[in-house]
Amino acid sequence: MSHLTGAATATGAVRALGVGAPGYGHPLLAPVEWAELTRPGTPVHWAVLNVAEGPGSRPDPHCLETAARLRHAGVRVLGHLDLAHGARPFGELVSQAQRFVDWYRIGGFYLDRCPTERTDLPGVRRVTATLSALLGGDAHLVLGQGRHPHPGYAEAADQLVTFSGPWTDYRWSQVAEWTASYPEGKFAHFVHGVPRTHLDEALRIARWQGAGTIFFTDRAGVPGQNDPFHSLPGYWDEIVSRIGPGVSE
């Protein structure tokens, strides 16, 4: 089963294969990474801003500057909220979300460690409806689940991260049948440890499985060490040259 590539028709869906940055390090520690997202012609759909496990306790001047540069470059900035698999109190999440809106003028939210089970769906829908209302209904919401959830979650947000993990798993992964009911761009894939020689294969898998947003890196995921998605892949320029508006298989 494959998904057609090309322009999406559903509201909120992305229109061509592009990059979603899951969240680089602080701008002082990763200035090159953040700067690359604003380079003209770079097909970036959105970038996640995680100041201090959320918005932090006060506005960070470096993050304020970075967010402004991303917006000026046409990149949607998403505030990072950790749902802790459904364990975070609703009021706490809304309070953090409001600080993101007030301080960083974000355009949506990335809900990390989002639940996947049907029993948690009503709670997640309550959160996403509230977050959308905070931005006047114009919030781009991404559920960072990392695997295929119950199908009902597809109606709770604009995009779902249905794969997050190593290339050794991704190259043999199977897409859930229910995803065929949704247009190109509904799903996002984050894959680490992708060898340069397999980059084209990884992109074919993403398109075949209907992912509109990707972040592929040759960095390895080592437990207890830095997140492999926090820095640029060694073949960043090659990714940029291979994807973008109008590119299809």
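This text follows the structure it describes.
Described below are features of the structure shown in this document.

Reading the values: rules and limits
- Residues numbered from 1 in each chain as written.
- Predicted model: local features only at pLDDT ≥ 70, side-chain atom pairs only at ≥ 80, totals over all residues.
- Heavy atoms only, no water.
- Buried < 20%, exposed > 50% of the residue type's maximum accessible area, 1.4 Å probe, protein only.
- Helix = DSSP H or I, 4+ residues; strand = E, 2+ residues; numbered from the N terminus.
- Pairing = 2+ DSSP bridges.
- Right-handed = clockwise from strand over helix to strand, strands pointing away.
- Expected span 1.5 Å × (residues − 1).
- Arc of directions from axis to C-beta.
- Contact = heavy atoms within 4.5 Å.
- Phe/Tyr/Trp six-rings, centres within 6.5 Å; stacked < 30°, edge-to-face > 60°.
- Lys NZ or Arg CZ within 6 Å of the ring centre and 35° of its normal.

Observations concerning the pairing of strand 7 (residues 187–192)
Phase 1: Here strand 7 lies mainly inside the structure; six of its six residues are buried.
Phase 2: Here strand 7 shows two buried faces, one formed by Phe 187, His 189 and Val 191 and the other by Ala 188, Phe 190 and His 192.
Phase 3: Direction of pairing for strand 6 (residues 159–166) relative to strand 7: parallel, over a ladder of six bridges. Within strand 7, the residue paired with Leu 160 across the bridge is Phe 187.
Phase 4: Where strand 7 and strand 8 (residues 211–216) come together, five bridges link them in parallel fashion. When the sheet's bridge partners are listed, His 189 is paired in strand 8 with Ile 214.
Phase 5: Crossover handedness for the path strand 7 to helix 6 (residues 199–208) to strand 8: right-handed.

Considering helix 3 (residues 90–104)
Phase 1: With 15 residues, helix 3 extends 21 Å between its outermost C-alpha atoms, agreeing within 8% with the 21 Å of an ideal straight helix rising 1.5 Å per residue.
Phase 2: When helix 3 is considered as a whole, its buried residues turn out to be Leu 93, Gln 96, Ala 97, Phe 100, Val 101 and Tyr 104. Along helix 3, the residues classed as buried sweep out an arc of 140° about the axis, all on the same side.
Phase 3: Buried residues in helix 3 make contact with strand 2 (44–49), helix 2 (61–72), strand 3 (76–82), strand 4 (108–112) and helix 4 (121–134).
Phase 4: Directly after helix 3, the chain includes Arg 105, whose backbone phi takes a positive value near 50°.

Description of the environment of Val 51
Phase 1: Tracing the backbone shows Val 51 in the loop between strand 2 and helix 2.
Phase 2: Sequence separation between Val 51 and His 62 is eleven residues, and the spatial gap between their C-alpha atoms is 9.7 Å.
Phase 3: Among all residues touching Val 51, those that are not within four sequence positions of it are Gly 56, Asp 60, Cys 63, Phe 100 and Tyr 104.

Describing the packing of aromatic side chains
Phase 1: For the structure shown, the criterion picks out 15 aromatic pairs.
Phase 2: Ring centres of Phe 100 and Tyr 104 lie 6.1 Å apart, and the angle between their planes is 55°; on these two criteria the pair is classed as tilted. With Phe 100 and Tyr 104 both in helix 3 and four residues apart, this pair spans about one turn of that helix. As far as burial versus exposure is concerned, Phe 100 and Tyr 104 are alike and both buried.
Phase 3: Aromatic ring contacts, followed pair by pair, group Tyr 24, Trp 34, Trp 46, Tyr 110, Phe 190, Phe 215 and Phe 229 into a single cluster.
Phase 4: Above the face of the Phe 90 ring, Arg 126 is positioned so that its terminal group lies 3.6 Å from the ring centre.

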